[in-house]
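# Inside the fold
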Amino acid sequence: MAMDPAEAVLQEKALKFMKLLVGKPKPTPEQLREGREDREPLMKRSTTPATPTLLILLVFMNSSEREDCNNDEPPRKIIPEKNSLRQTYNSCARLCLNQETVCLGSTAMKTENCVAKMLLTHGNPPGYPFGNHRIFARGFLVTVVLVCNRNWMPFSEIGARCLNKTKLANGTSSMIVPKQRKLSASYEKEKELCVKYFEQWSESDQVEFVEHLISQMCHYQHGHINSYLKPMLQRDFITALPARGLDHIAENILSYLDAKSLCAAELVCKEWYRVTSDGMLWKKLIERMVRTDALWRGLSERRGWGQYLFKNKPPDGTAPPNSFYRALYPKIIQDIETIESNWRCGRHSLQRIHCRSETSKGVYCLQYDDQKIVSGLRDNTIKIWDKNTLECKRILTGHTGSVLCLQYDERVIITGSSDSTVRVWDVNAGEMLNTLIHHCEAVLHLRFNNGMMVTCSKDRSIAVWDMASPTDITLRRVLVGHRAAVNVVDFDDKYIVSASGDRTIKVWNTSTCEFVRTLNGHKRGIACLQYRDRLVVSGSSDNTIRLWDIECGACLRVLEGHEELVRCIRFDNKRIVSGAYDGKIKVWDLVAALDPRAPAGTLCLRTLVEHSGRVFRLQFDEFQIVSSSHDDTILIWDFLNDPAAQAESTRSPSRTYTYISR
């Protein structure tokens, strides 16, 4: 590539300047092989003392270019200027060490890149042990080149005679020429006297005297003192605390760091690395994530590494070291990224349970955990399935109509049926404990929590129950206001929310059971909803999903995409999952749906089609969806263990995930 004419002129001028300083040019390799070395011997000394000179090259480099500092200093990026093209100056100063003469030559230079590297090359004789010393200061690259006029001496000798190593205010090492000035004899004598008096004073008197002295100085002197004091006031407390037997405090401080900061802390020095390693800080970081994040907690159980957490270090030293947890962290991040990608791309493994109902077909309701799935069927039975083997473990009978709704906890299963009754069952033994008869038509939905239960019915009423025990359940209040069947209810400590075929959602006070407000917007009856915090998400036979703010009653978003009645809906912090009579399950981006600027076409992440009948009920967590249908099947959609992705990983090299930036 052709060289810029202006740069060529600069190079020529720079070469001439360096020849004046160095003498004859450096021989080429051909000249060295043929013995035509014209330069004087490298270590030859003249009869006259050599005058070492210091060439200081001050160049403003390109903002995208980095230069190496000393071997023990990290690189520092140069701060860019606003103007992309600017006039900078390449100033070459030839300073004699005795400071008797000063020669300054300046050459205007345009562009970000300069001929500094070329100048530096000509500043070093071949094979000489010392090189260029480069530092960064105030956004400039300062290159210091030691040159001796034709007569070279060892670098260490030059350094011993004329250079002092110091540090800039920002901590960067540099080489400076000490400023020489003659001190008067009276000053030396008076200074010693002042120091003698100063040392005799108390600390408080010394501080007061220094404060008074500083108050008499000018601004320039204040800046000089500040630069002197700044490095003295810096303290490496992480290194200092263990030296005083306070390792636990240093470990506790660093234990609050996230992964990126913790990795950076390890690179500070050996002592910081020792503190992070001895304190098992990567283990503590993973434990903190497992305690606070359901996704991490679920991964710890499914992947098996949870067995190493929340345990004290055994005396025999068999516990995994800190390096084990440091290597484990990026694997966890990789799993999380895989899960998120699978949700968005629809990659999953599928398991199918055939319920094999003897009479009428259909699974109306379900709930699951890691060990079991409890389902309510159209054939009047409740079937409990082993989630690992997919085998039916127990069948509960007693209802005389279809089981339309259910919920269970660690003690009981409560079911509602088209036979108008609510029944309570022992979750372990399967025995019927109680039967509640209040509604005069089918019980369509129920919820219970913290000693309270709410049921709703086709008879257009809502019943609120107090649950002292499985056998002691009493009716507290009946809520009336809907003009059609109440299809679904949900509640928390503040509100009870109900939805009906009359196209409305009604909000009631949980404590007083008083009516609060009505949410209007759906054009047809509402079949499902979920309520949490301030958000209500509802699905309707108008084929839409609506998001509501329960406090003000405003509709925040309408989601369109289903072709028939939206029968079931659930949401968490990231996504909404809905099932409809069109046999499809749709996954929606909840965060985007709550953003009014997000286009409607980007909200549906994936449509899952596997059911051959209407989707009646679904639930999901971070790893899976479990759904039931009119086709008499229960499907488990697993987004963690995708067989296609696992097969691909066995055929191709594993990918490397960078979970921190350095």
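Relative orientation of the contacting elements helix 9 (residues 247–254) and helix 11 (residues 270–278) amounts to 85 degrees, with a least axis distance of 9 Å. One finds that helix 9 runs roughly perpendicular with respect to helix 11. Where helix 9 abuts helix 11, its residues Asp 247, Ala 250, Glu 251 and Leu 254 lie against Trp 272, Arg 274, Val 275, Thr 276 and Asp 278. A per-class count over the contact of helix 9 with helix 11 returns four nonpolar, one polar and four charged.

For the rest of this paragraph, the subject is unusual backbone geometry. Of note, Asn 450 is a non-glycine position whose phi angle comes to about 50 degrees, a positive value. Positive phi values are uncommon outside glycine, yet Cys 513 reaches one of about 65 degrees. Relative to the helices and strands, Cys 513 resides in the loop between strand 23 (504–509) and strand 24 (515–520).

What the rule picks out here adds up to 12 aromatic pairs. On the numbers, 5.2 Å between centres and 70 degrees between planes, the contact of Tyr 308 with Phe 324 is edge-to-face. With a gap of 16 residues between them, Tyr 308 in the loop between helix 13 (294–303) and helix 14 (322–345) and Phe 324 in helix 14 connect regions that are remote in the sequence. Pairing Trp 508 with Phe 515 gives two aromatic rings, centres 5.6 Å apart and planes at 75 degrees, and the pair type is edge-to-face. Among the aromatic residues, those joined into a cluster by ring pairs are Phe 198, Trp 201 and Phe 209. The cationic tip of Arg 575 hangs over the ring face of Trp 343; the distance from NZ or CZ to the ring centre is 4.2 Å. The aromatic ring of Tyr 581 is capped on one face by Arg 614, whose charged end is 4.2 Å from the ring centroid.

Chain-level statistics for the protein chain give a pLDDT mean of 78 and a share of 69% at 70 or above. Considering only residues more than four positions removed or in separate chains, one finds that residues 36–178, a stretch of pLDDT under 50, has 271 contacts. Every residue in residues 650–662 is under pLDDT 50, and counting partners more than four places away or in other chains gives 16 contacts.

Within the structure shown, the criterion is met by 21 salt bridges. Across the pair Glu 610 and Arg 352 runs a salt bridge whose closest N-O atoms are separated by 3.5 Å. Here the residue Glu 610 occupies a position in the loop between strand 32 (604–609) and strand 33 (615–620), and Arg 352 occupies one in strand 8 (residues 349–354), the gap between them amounting to 258 residues. Notably, a salt bridge pairs Glu 551 with Lys 494, separated by 2.9 Å at the nearest N-O pair. Here Glu 551, found in the loop between strand 27 (544–549) and strand 28 (555–560), pairs with Lys 494, found in the loop between strand 21 (486–491) and strand 22 (495–500); they are 57 residues apart in sequence, far enough to count as distant. Judged by its relative accessible area of 44%, Lys 494 is partly exposed.

The sheet built from four strands is open, its strands ordered 25-26-27-28 with antiparallel pairing. One side of each edge strand has no neighbouring strand; the edge strands of this open sheet are strand 25 (526–532) and strand 28. Shown here is a sheet whose adjacent strand axes are inclined to one another by a mean of 15 degrees, direction ignored.

Right, let's get into the sheet that holds strand 9 (residues 363–368). In spatial order, the strands read 9-10-11-12; together these four strands make up an open sheet with antiparallel pairing. The open sheet has two free edges, formed respectively by strand 9 and strand 12 (392–396), since each of these has just one partner strand. The sheet shows a mean angle of 20 degrees between the axes of neighbouring strands, taken without regard to direction. By the bridge criterion, four bridges tie strand 11 (residues 382–386) to strand 12 in an arrangement that is antiparallel. Along strand 12, the bridge assignment pairs Trp 385 with Cys 392.

Within the secondary structure, Asp 582 is located in the loop between strand 30 (575–580) and strand 31 (584–589). Lys 584 provides the closest opposite charge to the buried, unpaired Asp 582, separated from it by 5.0 Å. Polar side-chain contacts of Asp 582 include one of 3.3 Å to the side chain of His 562.

What tends to happen in soluble globular proteins is that the nonpolar side chains get buried as a cluster. In this structure, Ile 286, Trp 296, Trp 305 and Ile 625 are the most contacted members of the largest nonpolar core, which totals 44 residues. For this core, the element with the highest residue contribution is helix 14, accounting for eight residues. For Trp 296, the residues in contact, after removing those within four places along its chain, are Ile 286, Met 289, Val 290, Trp 305, Tyr 329, Ile 332, Ile 333 and Ile 336. Counting 16 residues, the second-largest nonpolar core is a separate cluster that includes Val 537, Leu 547, Trp 588 and Ala 598.

This brings us to a nonpolar patch on the surface. A grouping of Leu 193, Tyr 197, Trp 201, Phe 209, Val 210, Leu 213 and Ile 214 is seen on the molecular surface, where their side chains present a nonpolar patch of about 580 Å² in accessible area. Of all the elements in the fold, those that place two or more residues in the nonpolar patch are helix 5 (185–200) and helix 6 (203–215). At four residues, the largest contribution of residues to the nonpolar patch is made by helix 6. Note on placement: Ile 214 falls in helix 6.

The next subject is the environment of Glu 560. Residue placement: Glu 560 occurs in strand 28. The residues touching Glu 560, leaving out its near neighbours within four places in the chain, are Thr 544 and Trp 588.

This part takes up the pairing of strand 25. Along strand 25, six of the seven residues are buried, which leaves the element largely enclosed by surrounding structure. Two strands pair when backbone bridges link them, and strand 25 and strand 26 (residues 535–540) are joined in this way by six bridges, in the antiparallel orientation. Of the residues in strand 26, the one forming a bridge with Tyr 531 is Val 536. The turn joining strand 25 and strand 26, which pair antiparallel and follow one another in sequence, is formed by two residues; a positive phi near 55 degrees is taken by Asp 533.

Reading the values: rules and limits
Residues numbered from 1 in each chain as written. Predicted model: local features only at pLDDT ≥ 70, side-chain atom pairs only at ≥ 80, totals over all residues. Heavy atoms only, no water. Axes fitted to C-alpha atoms, helices over the stretch in contact; angles between N-to-C directions. Helix = DSSP H or I, 4+ residues; strand = E, 2+ residues; numbered from the N terminus. Parallel < 35°, antiparallel > 145°, perpendicular 65-115°, else oblique. Contact = heavy atoms within 4.5 Å. Nonpolar A, V, L, I, M, F, W, Y, C, P; charged D, E, K, R; others polar. Phe/Tyr/Trp six-rings, centres within 6.5 Å; stacked < 30°, edge-to-face > 60°. Lys NZ or Arg CZ within 6 Å of the ring centre and 35° of its normal. pLDDT = per-residue confidence, 0-100. Salt bridge = Lys/Arg side-chain N within 4 Å of Asp/Glu carboxyl O. Buried < 20%, exposed > 50% of the residue type's maximum accessible area, 1.4 Å probe, protein only. Pairing = 2+ DSSP bridges. Lys, Arg positive; Asp, Glu negative; His and termini not counted. Polar contact = N/O pair within 3.5 Å; in protein donor to acceptor, adjacent residues only side chain to side chain. Core = buried A, V, L, I, M, F, W, Y, C linked by side-chain atoms within 4.5 Å. Patch = residues over 30% accessible without salt bridge, like charges linked within 9 Å, V, L, I, M, F, W, Y side chains within 5 Å. Areas by Shrake-Rupley, 256 points an atom, 1.4 Å probe, with all protein chains shown as cover.

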